[in-house]
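Chain by chain, the residues run as shown.
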Amino acid sequence: MPIPMVKPPAPSPADIGRYRRNLQDEIDSAAIYTAMADAESKAEVASLYRKLADTETRHANFWRRHIQRAGGDAPEVRASWRARLMIWFAHRLGANAVLPTVMQQEASNRAVYDDQRETGGTTMPAQERSHARLLAHLADHAGGGWNGTRYAQLEGRHGVGGGNALRAMVLGANDGLVSMLSLVMGVAGAAFSSTALLATAAAGTLAGACSMAMGEWISVQSARELYQRQIAVEVDELEQVPAEEKEELVLIYRAKGFEPDEARRIAERMIDNKDTALDTLVREELGLDPDELGGSALVAAASSFCVFLLGALFPVLPLFVLDGQAAVLASALSSGLGLFLIGAAITVFTGASAFWCGLRQLAIGALAAAVTYGMGHLFGIAIGG
């Protein structure tokens, strides 16, 4: 007796909503990978990004068909604002600028289709996991562009993992905004004159930006000097104890999966060329890129100065065009807008709600401003009395 076919349940409104979210995610991924391919200078890496974009486009069509079969409307979906922002950065700063963020997003979503019944029996779950592994490999071997080592100036203070300089930029600007807003509100609470308020804000902005720049210069320069010292030790060891360095090369190639005899033959050929042997030892043993060494200390300082100054402009700029209570109110409103935008910008990396994260950032900044305003008010009463 034939076994009757069991018809799958009709998709619920919640299922259709999930299909739409999946469709949006795949559209975003395809658009970002296409932009990364366009911005990538290495042809072989650009080809990988285009293949990823093609795969995500097929996934998007998969969910579009499911929406249509469920009787829903599946119009052409545009990339979200988050994706468009990532595309903007990729076009102007290079694929490596957004690679760490995209890699983290793929890693967090690698199991997104494991428990969705519609993808059972398809290759989609395996492809998502493959994408996460591929991007992790590319991030580990990224060279050139605006990667973490070239932009180490922001990693010193805002280490965020994966060389994610874009996120560090947002946090650096947040430093400038919150610190200058707190300073302005503190001075305003003390009821100092408009001239004193403007002078204090201008001086505080320059002092904060210079402090950030100096801190980053010292951080990056110290790291460069340490790396140079480690390389100098390797140079000395190659000259003084080449046999020991050859054994280190053997261990390196054994760890890469070569057979003992093959690893020894490669090491013997490598040790004959001191430059090649040094490059391999520095990269594999010390984990350094001799062409990078943490990036330029001067670029580090200048970049830190600029991102701090950018954030500080929100509370400080209104003071140059207004005075009195109008200036303080405009500074607070401008800062509130900046705080909301920074909170929303952070969600590019976290995937959380832009609205609620913007409100959270606004609330935190408002609390800091209220505390300093209150302290300034008490100080003003004390010196006035």
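Predicted, not measured: the structure shown is a model, and the values here were computed from it. (Residues numbered from 1 in each chain as written. Predicted model: local features only at pLDDT ≥ 70, side-chain atom pairs only at ≥ 80, totals over all residues. Heavy atoms only, no water.)

Student: Give a description of the environment of Ala 352 that names residues and reports values.
Tutor: Structurally, Ala 352 is set in the loop between α13 (324-350) and α14 (354-384). Apart from residues no more than four positions distant in its own chain, Ala 352 is found in contact with Arg 82, Thr 347 and Cys 357. (Helix = DSSP H or I, 4+ residues; strand = E, 2+ residues; numbered from the N terminus. Contact = heavy atoms within 4.5 Å.)

Student: Before we move on, can you summarise the pattern of salt bridges with the specific residues and values?
Tutor: In the structure shown here, the tally under the stated rule is seven salt bridges. A salt bridge links Asp 15 to Arg 117, with the nearest nitrogen and oxygen atoms 2.9 Å apart. You can see Asp 15 sitting in helix α1 (residues 13-39) and its partner Arg 117 sitting in the loop between α4 (95-108) and α5 (124-140), a full 102 residues away along the chain. In this structure, a network of salt bridges that share partners links the residues Asp 15, Arg 18, Arg 117 and Glu 118. (Salt bridge = Lys/Arg side-chain N within 4 Å of Asp/Glu carboxyl O.)

Student: If you had to explain helix α12 (residues 297-321) to someone new, which residues and values would you point to?
Tutor: Here α12 spans 35 Å end to end across 25 residues, near enough to the 36 Å set by a 1.5 Å rise per residue. At Leu 313, α12 is bent by approximately 55 degrees, the largest bend along its length, and proline Pro 315 sits one to four residues beyond. (Expected span 1.5 Å × (residues − 1). Bend = angle between axes of the 7 residues up to and from the residue.)

Student: Tell me what's going on with the confidence of the model for the protein, and back it up with residues and numbers.
Tutor: On average, residues of the protein carry a pLDDT of 82, and 85% of them reach 70 or more. Across the protein, the secondary-structure element scoring lowest on mean pLDDT is helix α6 (residues 152-155), at 36, and the one scoring highest is α1, at 93. (pLDDT = per-residue confidence, 0-100.)

Student: Any details on the packing of α1 against helix α2 (residues 43-69)? Residues and values, ideally.
Tutor: The geometry of α1 relative to α2 is characterised by a closest axis approach of 8 Å and an angle of 160 degrees between their N-to-C directions. Comparing the axis directions of α1 and α2 gives the class roughly antiparallel. The hand of the α1/α2 crossing is left-handed. Looking at the contact of α1 with α2, its residues break down into 14 nonpolar, six polar and seven charged. (Axes fitted to C-alpha atoms, helices over the stretch in contact; angles between N-to-C directions. Parallel < 35°, antiparallel > 145°, perpendicular 65-115°, else oblique. Left-handed = near helix turned anticlockwise from the far one by under 90°. Nonpolar A, V, L, I, M, F, W, Y, C, P; charged D, E, K, R; others polar.)

Student: Please provide a residue-by-residue account of the packing of aromatic side chains, values included.
Tutor: Taken as a whole and judged by the stated rule, the model has six aromatic pairs. Relative to Trp 63, the ring of Phe 62 has its centre 5.0 Å away and its plane inclined at 90 degrees; by these criteria the two rings are edge-to-face. Residue Trp 63 is classed as buried on the basis of its relative accessible area, which comes to 0%. An aromatic cluster of three or more residues is present, and its members are Tyr 19, Phe 62, Trp 63 and Tyr 113. (Phe/Tyr/Trp six-rings, centres within 6.5 Å; stacked < 30°, edge-to-face > 60°. Buried < 20%, exposed > 50% of the residue type's maximum accessible area, 1.4 Å probe, protein only.)

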